[in-house]
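What follows is each chain in one-letter form.
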Amino acid sequence: MKDWNALASALYDGSFRPMFINGKWCPAQSGAEMDARNPANGSLLATVPEGGAADIDAAVKSARAAFEGPWAKFTPFERQALLLRIADKFEAEWERLCLSDTLDMGMPIQRTLANSRRVLGMLRFYAGQAVMIHGQTIPNSFPGEIYSSTVREPVGVVGAIIPWNAPIAGSVWKIAPALATGCTVVLKPSEEASLTVLMIARLMQEAGLPDGVLNVVTGLGADAGAALAAHPDVDKIVFTGSTATGQAIARAATGTLKRVSLELGGKSPVIVCKDADIDKAVPVAAMSVFANSGQICIAGSRLFAAREIHDEFTRRVAEFAAGLKIGQGIDEGTDIGPIISARQAERIAGFLSDGPAEGATVLTGGQRAEGAALEGGHFIQPTVFGGVTDDMRIAREEIFGPVISALPFDDLDEVVARANDTPYGLAAGVFSTNLGTAHKLAHRLKAGSVWVNMYHAIDPAVPFGGVKMSGYGREGGTEHLEEYLDTKAIWINAD
Ligand code: NAD
């Protein structure tokens, strides 16, 4: 087993980590700093700049200059080569990157390490796409006289704002397609988890990224984030985070009518039919929520189980949950790491008391997790509530913690209506051994992704995103490139 603790103390020693603007590593213009603490034990990992509007402005200027200057001269093949070099660099530094994420936001090391295929795949997938972007020659009403064609052009300067729950994948998913299309980026990581994003910028610089093509401004959402969303010289905002912040960003963007795409929250249903393979479904349904301590946008937090199997199924999910090991993310045996912050743990604890107060039964968990090994951290027991009804707060609101609400159902029409009765539409899961049932449910559920007899699969080549208040726009696949491209029509009079 690796000595992650020794590697951790070599990685972060409490010292200042500057942010990245125009290829330079700098403090905030105001000199303000924020602490980056390990949510598993409260220790200080580093301090980072608390950037504000002036830093965002400098970063946008640098991104604009790069977009109109040297970066515009990069050929598609050169952008492809750069993305491939970045992928190789990440692969060589993968353990350090993952350890950084584990320390900074708590995700168990086994899970951060396991994300490699997807993240390295994203970089290589978009490297491939960089040379595939092209317009069309389109026949018009004046054959032989006038020729019409289209070219695809990068939208320009992209402002990217991301949450704290998956910094490596979250930032690479924004940056890789932007670089493939020829855009430049100003990225604002979450104030809760900036360190890995700074490391990513450093690795990209080492791989040959030209100055200004990627800028990382660390800072608070209401300050640096809001300044980026409203900045008049940003052409496009790509945002991942809560629905409330997504709404604020969409409002801020109206001033300049900049394009926006939003990956927001969810309250995703998992439907377990009476003919499901229960042995296979139990761990998948449980981990659809408990992975990353429930801090996942696609968490299948409403567990609809057919009445015939409901009691057995929920009992087994609860048993599975009770067997999960809670601990420091850096411990290889940990299944459930910490919650990101005291504020977030407090919010989840509110739902833990609301459930029983509204009449739900605790099947397992229901408390904060405490103990000597968890000292100084914010931990919540994986929790399964039974006896839940659709109107309860735990069944309606996104908890973003390790909490499952189990609900029985009687027939398919009923469960489809209840599953869709939410403002969200990010994801859904279906467990059935009947192909017809699986097909019907997959088509009738209002969600950006539906997984059948599985959950959580996200692939660089497959589009991901939400409907309704889970947002709009798609990340992943060739559809993602559309978010970063404009189409120009060119008409030529041959006379
Ligand atoms: P959040 O909305 O609080 O913050 C996300 C980012 O927005 C942070 O960088 C924050 O600093 C910034 N921000 C906050 N206020 C802002 C403002 N007024 N203007 C501009 N930027 C602002 O979300 P969070 O708590 O960091 O993350 C959890 C949420 O993210 C959950 O709702 C979760 O479902 C969602 N999420 C969605 C996806 C997805 O792909 N759909 C993925 C991960 C997380």
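The rules behind these values
Residues numbered from 1 in each chain as written. Predicted model: local features only at pLDDT ≥ 70, side-chain atom pairs only at ≥ 80, totals over all residues. Heavy atoms only, no water. Near = heavy atom within 4 Å. Polar contact = N/O pair within 3.5 Å; in protein donor to acceptor, adjacent residues only side chain to side chain. Areas by Shrake-Rupley, 256 points an atom, 1.4 Å probe, with all protein chains shown as cover. Helix = DSSP H or I, 4+ residues; strand = E, 2+ residues; numbered from the N terminus. UniProt positions renumbered as here; feature names shortened; annotations may be inferred. Patch = residues over 30% accessible without salt bridge, like charges linked within 9 Å, V, L, I, M, F, W, Y side chains within 5 Å. Salt bridge = Lys/Arg side-chain N within 4 Å of Asp/Glu carboxyl O. Buried < 20%, exposed > 50% of the residue type's maximum accessible area, 1.4 Å probe, protein only.

Engineer: Tell me about the site of the ligand, residues and numbers included.
Structural biologist: Residues in close proximity to the ligand total 26 residues, the closest being Ile162, Glu191, Ser242, Leu264 and Glu398. Taking Trp164, its side chain carries an N or O atom lying 3.0 Å from an oxygen atom of the ligand. Ser242 places a side-chain nitrogen or oxygen 2.7 Å from an oxygen atom of the ligand. For the ligand, the accessible surface in isolation is 850 Å², of which the surrounding protein chains cover 86%. At the level of secondary structure, the elements contributing two or more residues to the shell around the ligand comprise helix 9 (221–230), strand 10 (236–240) and helix 10 (243–254).

Engineer: Tell me what's going on with the UniProt feature "domain: Aldehyde dehydrogenase" (unreviewed entry) in the chain, and back it up with residues and numbers.
Structural biologist: In the numbering used here, UniProt assigns the feature "domain: Aldehyde dehydrogenase" (unreviewed entry) to residues 25–490. As a span, residues 25–490 carries 41% helix and 19% strand, and end to end its C-alpha atoms are 41 Å apart.

Engineer: Explain a nonpolar patch on the surface to me, using residue names and the numbers behind them.
Structural biologist: On the surface, a cluster of nonpolar side chains totalling about 290 Å² of accessible area is made up of Tyr147, Ile490 and Ile492. Relative to the assigned elements, Ile490 resides in strand 20 (residues 485–493). A relative accessible area of 33% places Ile490 in the partly exposed class.

Engineer: Kindly report on the pattern of salt bridges, identifying the contributing residues and their values.
Structural biologist: Going through the model one piece at a time under the given rule, you end up with 31 salt bridges. Glu483 is the partner of Lys236 in a salt bridge, and the nearest nitrogen-oxygen pair spans 3.0 Å. Note that Lys236 is positioned in strand 10 and Glu483 in the loop between helix 17 (477–482) and strand 20, a separation of 247 residues in sequence. In this structure Lys236 comes out as buried when scored by relative accessible area, which is 1%. Residue Glu483 is classed as buried on the basis of its relative accessible area of 14%. Notably, a salt bridge pairs Asp277 with Lys280, separated by 3.9 Å at the nearest N-O pair.

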